[in-house]
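# Chains, contacts and geometry: an overview
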Amino acid sequence: MSEPTKLETIAAANGIAADTNFGAVTPPMYLSSTFVFPGFERSGPHEYTRTSNPTRALLADTLAKLEGGAGAVVVSSGMAAVDLVLSQLSRDDLVIAPHDCYGGTHRLLLSRRDRGHFRVVFIDQNDKAALAAAFEDKPRLVLVETPSNPLMRIVDIRAIVAQAKTAGAKVAVDNTFLSPALQRPLALGADFVIHSTTKYLNGHSDVVGGAVVAADAADVEKLAAWSNIVGTSGAPFDSYLTLRGIRTLFPRMERQQQSAQAIAEFLAGHPRVAACHYPGLPAHPGHAVAKAQQSGFGAMLSFELRGGGEEVGRFVEALRVFRLAESLGGIESLVAHPATMTHAGMSEEARRAAGITSGLIRLSVGLEAEADLIADLKDAFAGMGKQNV
Ligand code: PLP
């Protein structure tokens, strides 16, 4: 029988009914930290869970198949996944990073740069002149986040890969905002895919985890070895839960992005909204590229209140269905204020350069009824009283 190739089938069924001990349909969870050696100087397939573990291996195998990579390394957080890729660089190596990336990624890049681990340049990766200048400096790694957090800017992965190949650089794409259900960067030529599995892959806001998928088997080996050396391997229980979340990845993404599109259209037409950032809107500057390289527009969006930062507190506290919390990608809808929450660690100057204003609000659209979500936003706007714009 041939192996299933449809991604929906891999997500729903990879490893299902493969248990040879008892015929368990759901793959068992192996919490054991250590594994018996069958004989002296003879180890089994797993020795010690920091190095490898059957439950984590099944999650890695599923992620590698979903992203179309040679293998995956599952680690303890999305930040550990970003760091795993960065850990392969040396002090003179240059990283081209997006100026509007997730605040934690920005902080990590600066912290490692300040310790002399590598050089980094933050640029708008859609600025052709800035990109060309950065490539002149022979970078080793281009880090891409598309769509970006929180401004939903789109980077043309194929185009940046072509430039990177010419310059001899590798490309790592943070695919957290879309998951392999909606975007597969390795098929577009990238070398690494990074995930905060905390978000859509797990999807239920009860795990913090991360993964790196590599196109090349030699890279997988190097990354796995480093994760073992520094001990950032993901916990088996977290792997079990993440795998359970992945079973429903496709229908979740499908439903959540339908609501996100409707919400983006509602916000784009609202008099209190100065701008709505969602790649599914034809007016979004990255719409055409997103349409070409993604198989959906996703369930994240952000928007600017016309009244600016002063209105944010009243608005977010008036919401009842959207909960004010960091993170994203879960089944529950969340609202966040990047300037004071997810991107508070960035300097004001860096936030200004990236375009993250005090009036910017980010939404992660969940599985609640679309009508309730839109009604929640409408009520919050209405509760703000007369508009003084
Ligand atoms: N990458 C992106 C795009 C993110 O949004 C986040 C977290 O919000 C991370 C990486 C870090 O993931 P984690 O919180 O699992 O460490």
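Residues numbered from 1 in each chain as written. Predicted model: local features only at pLDDT ≥ 70, side-chain atom pairs only at ≥ 80, totals over all residues. Heavy atoms only, no water.

In this section: the nonpolar core. Judged by nonpolar contacts, the single largest core of 79 residues is most densely connected at Ile263, Leu267, Leu301, Phe303, Phe315 and Leu363. In terms of residues, this core owes the most to one element, helix H9 (residues 249-268), which gives nine residues. Not counting residues within four places of it along the chain, the set of residues in contact with Leu267 comprises Val273, Cys276, Leu301, Phe303, Leu363, Leu377 and Phe381. If you look at the next biggest cluster of nonpolar residues, it comprises 24 residues, including Leu86, Leu89, Leu141 and Ala172. (Core = buried A, V, L, I, M, F, W, Y, C linked by side-chain atoms within 4.5 Å. Buried < 20%, exposed > 50% of the residue type's maximum accessible area, 1.4 Å probe, protein only. Helix = DSSP H or I, 4+ residues; strand = E, 2+ residues; numbered from the N terminus. Contact = heavy atoms within 4.5 Å.)

In this section: the pairing of strand E2 (residues 94-98). Residues in a regular strand project their side chains so that they alternate between the two faces of the sheet. Most of E2 is tucked away: five of the five residues are buried. Residues Leu94, Ile96 and Pro98 of E2 are buried on one face, and the alternating residues Val95 and Ala97, pointing to the opposite face, are buried as well. Looking at chain direction, E2 and strand E3 (residues 119-123) are connected through five bridges and run parallel. Within E3, the position partnered with Ile96 by the bridge is Val121. Each parallel crossover has a hand, and for E2 linked through helix H4 (residues 103-114) to E3 it is right-handed. (Pairing = 2+ DSSP bridges. Right-handed = clockwise from strand over helix to strand, strands pointing away.)

What follows covers the side chain of Asp219. Structurally, the position occupied by Asp219 is in helix H7 (residues 217-230). Within the structure, Asp219 has its side chain in polar contact with the side chain of Lys170 (distance 2.7 Å). Setting aside its immediate chain neighbours within four residues, Asp219 contacts Lys170, Phe192 and Ala214. (Polar contact = N/O pair within 3.5 Å; in protein donor to acceptor, adjacent residues only side chain to side chain.)

Let us look at the domain arrangement of the chain. Interface extent is often summarised as the accessible area lost during association of the parts. According to the domain assignment, the chain contains domain 1 (7-246) and domain 2 (249-383). Spacing between the C-alpha centres of domain 1 and domain 2 amounts to 25 Å. Each side of the interface is counted separately: domain 1 has 39 residues, and domain 2 has 41 residues. Summed over both partners, the interface of domain 1 with domain 2 comes to about 3,200 Å²; 63% of that surface belongs to carbon and sulfur atoms. Between the two partners, domain 1 and domain 2, sit zero salt bridges. Where domain 1 touches domain 2, the interface holds 19 residue pairs in polar contact (both at pLDDT 80 or more). Listed by contribution, the elements that provide at least two residues to the side of domain 1 that touches domain 2 are helix H1 (7-13), H4, helix H6 (157-167) and helix H8 (236-246). Top element by residues in the side of domain 1 that touches domain 2 is H1. It accounts for three residues. (Domains from an automatic or database assignment. Buried area = accessible area lost by both parts, 1.4 Å probe. Salt bridge = Lys/Arg side-chain N within 4 Å of Asp/Glu carboxyl O.)

The next subject is the sheet that holds strand E5 (residues 170-174). Pairing within the open sheet is mixed, and its seven strands lie in the order E1-E7-E6-E5-E4-E2-E3. Each edge of the open sheet carries a strand with a single partner, namely strand E1 (71-75) and E3. Put simply, the sheet's adjacent strands are angled 20° from each other on average, direction ignored. Of the strand pairs in this sheet, E1 and strand E7 (residues 210-214) are connected by five bridges, and their pairing is antiparallel. (Axes fitted to C-alpha atoms, helices over the stretch in contact; angles between N-to-C directions.)

Taken together, 14 residues sit near the ligand, with Gly78, Met79, Asp174, Ser196 and Thr198 positioned nearest. Burial of the ligand by the protein amounts to 92% of the accessible area it has alone, namely 390 Å². Residue composition of the shell around the ligand, grouped by class: four nonpolar, seven polar and three charged. (Near = heavy atom within 4 Å. Areas by Shrake-Rupley, 256 points an atom, 1.4 Å probe, with all protein chains shown as cover. Nonpolar A, V, L, I, M, F, W, Y, C, P; charged D, E, K, R; others polar.)

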